[in-house]
Every structure is written in structure tokens, then in C-alpha cells.
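Remarks on the overall topology
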Amino acid sequence: MRPASTPIRQWFITLSDRWLLMVSDRVSSEQPATGVLPETVIVVEDDLLIAKSVSDIVAKLGVRVLGMAQNGEKAMQVAGDAKPAAAIVDIRMPGIDGIETARRLWDEFRIPSILLTAYGAEEFVQRASGVPVFGYVLKPPTEENIRASLAVGWANALKRKRSDEEAADLRRTLEHRKLTEKAKWRLVDAGRMSEPEAHLALQRAARSTRRPLTEIAQRVIDSPDPLAALRVPVP
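Now for a quick tour of the structure. Computed from a prediction, not measured in an experiment: that's the story for all the values here.

Digging into empty space enclosed by the protein
What the rule picks out here adds up to 1 cavity of 30 Å³ or more. A volume near 40 Å³ is recorded for the largest cavity. In terms of lining, the largest cavity is formed by Pro38, Ala86, Pro112, Ile114, Leu150, Gly153 and Trp154. Among the elements that line the lining of the largest cavity, the one with the most residues is helix α6 (residues 143-191), at 3 residues. Partitioning the lining of the largest cavity into residue classes produces 6 nonpolar, 1 polar and no charged.

Below, the structure is given as C-alpha cells:
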């Protein structure tokens, strides 16, 4: 889309500047490499002239453009094939708009998006606040604001990915502990053994069969004879 009127543009410049300062302050102490840019991007923009301008600027920054798309549906196809590190997405497009496209890119591929926009409408700002959007570039795009948004947005996206991975690891650890505890108490009830003895029996079965402890625990839980489940060879 073409740039909006001057009052809206001026309002959004202020919003964009505040966002960049806020995110920069938040990640500067934890992300020493905020000047690092993603290696690859796709550009999602229905105006071919603007798409070409953005692509040229990004290439000048040393970032490879793996493809361009004119709408959200095409963006999902290009992203699935090219697997870019990040995406620069126009906020207003026919069909799936940029905010929904950014959400789908993150949910399906963990690709962070920088929104490209000339608009500061309250509806879009409110919707974007609930979506994992990692930056904004105001139209007409310049090398300076694309570089700044890509650098800060990429650093913040890496931080978000690490946080998500740590949370997933924690959930898996807790689930594994719950599974082991459940199997341990089944053995205590079935074999009149102590809690430490039951835990040791699970560990020994895992070592002797060279199978994960969680797999042995699940066998004990599922078996009508928990003690026998420890003795039966694992396929």
C-alpha cells in the first residue's frame, strides 16, 4: 500500500521510535549482538515497487532475499519452501493481512516478522500487540530504519526462541518426573518395596535394556503386573 497522510505518518513515527527505544533497552543487557541481522528474509508486500525497494535495501545490508510474496497465502507457501530466518510483511494486504500472516509465520515456522506499514490505525496497533511481531518499518522504507528494525527485532526474536525452548524443556522435565513418580509408586504398591528401592529398580531396568527411563516407567504404568514389566525385555 502507498504511504498514508502526514498526520498519521507523524503519529506512527513517534510510536515506532518509542517501540525501538523500549525494545532496545530491554534486550541490550542480554543481547550483546543486537547489530547482527538475520541471514535470510522474505518480503511480503502487494505493491511491487515497494517490495522491490525493500528487497534492494535488504540485499544492500548483506541479507539474502529468498523470495517475495504479494499476499499472506503466498507468503506461507514461500516460507515453507524457502525457510527464511525472518520476514518483512506489509500490514495491509488483500486476503490475509500482515498481522495474521505474522502470527501464522511464527506459529507454523517460528519465523519472526517485521511489519512494514504506513498506517497507525488503532485497530492494527491493538491487534499487533497480541501477535509475536518483532518490529515495525514505516513507509517509505529507508536503509536506516530497516537496519535498525531488523537488528533489534532479530535479537528479540532469538531471545523469544530461547525462552520458548527453555519453557518446553522445563515442561518435558516435569512430565518425565511425574511419569517416573507414578511408576515408582506402582512398584511400591505392587512389590512391597521402599520408594528408594523402586526408583533404583527403574534405573537398573533402563540401564540393562538401554532404554530411556521414561519408556521403562510407561511400561510399568501400563502393565497389569508392574514387577513383570521390569523383567520383560524391551523390544
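Having seen the model, we can carry on.
Digging into unusual backbone geometry
One can expect most non-glycine residues to show negative phi and most peptide bonds to be in trans. Put simply, Lys139 and Pro140 share a cis peptide bond, and its omega is -5°. Residue placement: Pro140 occurs in the loop between β5 (133-138) and α6. Phi is positive for Arg110, which is not a glycine, with a value near 55°. Its location among the elements puts Arg110 in the loop between α4 (98-109) and β4 (113-117). Judged by relative accessible area, Arg110 falls into the partly exposed class, the value being 34%. Residue Arg210 is not a glycine yet carries a positive backbone phi of 60°.

As for the sheet that holds strand β1 (residues 40-44)
Across a sheet, strands are paired by hydrogen bonds formed along the backbone, either parallel or antiparallel in direction. Spatial ordering of the open sheet is given by β2-β1-β3-β4-β5, a layout of 5 strands whose pairing is parallel. If you trace the sheet from one side to the other, it starts and ends with β2 (64-69) and β5, each paired once. Going across the sheet, the axis of each strand differs from the next one's by a mean of 20°, ignoring polarity. When β4 meets β5, the two strands line up parallel, connected through 4 bridges. From the neighbouring strand, Thr117 faces β5, where its bridge partner is Leu138.

Criteria and cut-off values
- Residues numbered from 1 in each chain as written.
- Predicted model: local features only at pLDDT ≥ 70, side-chain atom pairs only at ≥ 80, totals over all residues.
- Heavy atoms only, no water.
- 1 Å grid on protein atoms, 1.4 Å probe; cavity = no way out; pocket = protein on both sides within 12 Å on 5 of 7 lines; lining within 4 Å.
- Points joined across faces, edges and corners; volume = space filled by probe spheres on them.
- Helix = DSSP H or I, 4+ residues; strand = E, 2+ residues; numbered from the N terminus.
- Nonpolar A, V, L, I, M, F, W, Y, C, P; charged D, E, K, R; others polar.
- Buried < 20%, exposed > 50% of the residue type's maximum accessible area, 1.4 Å probe, protein only.
- Pairing = 2+ DSSP bridges.
- Axes fitted to C-alpha atoms, helices over the stretch in contact; angles between N-to-C directions.

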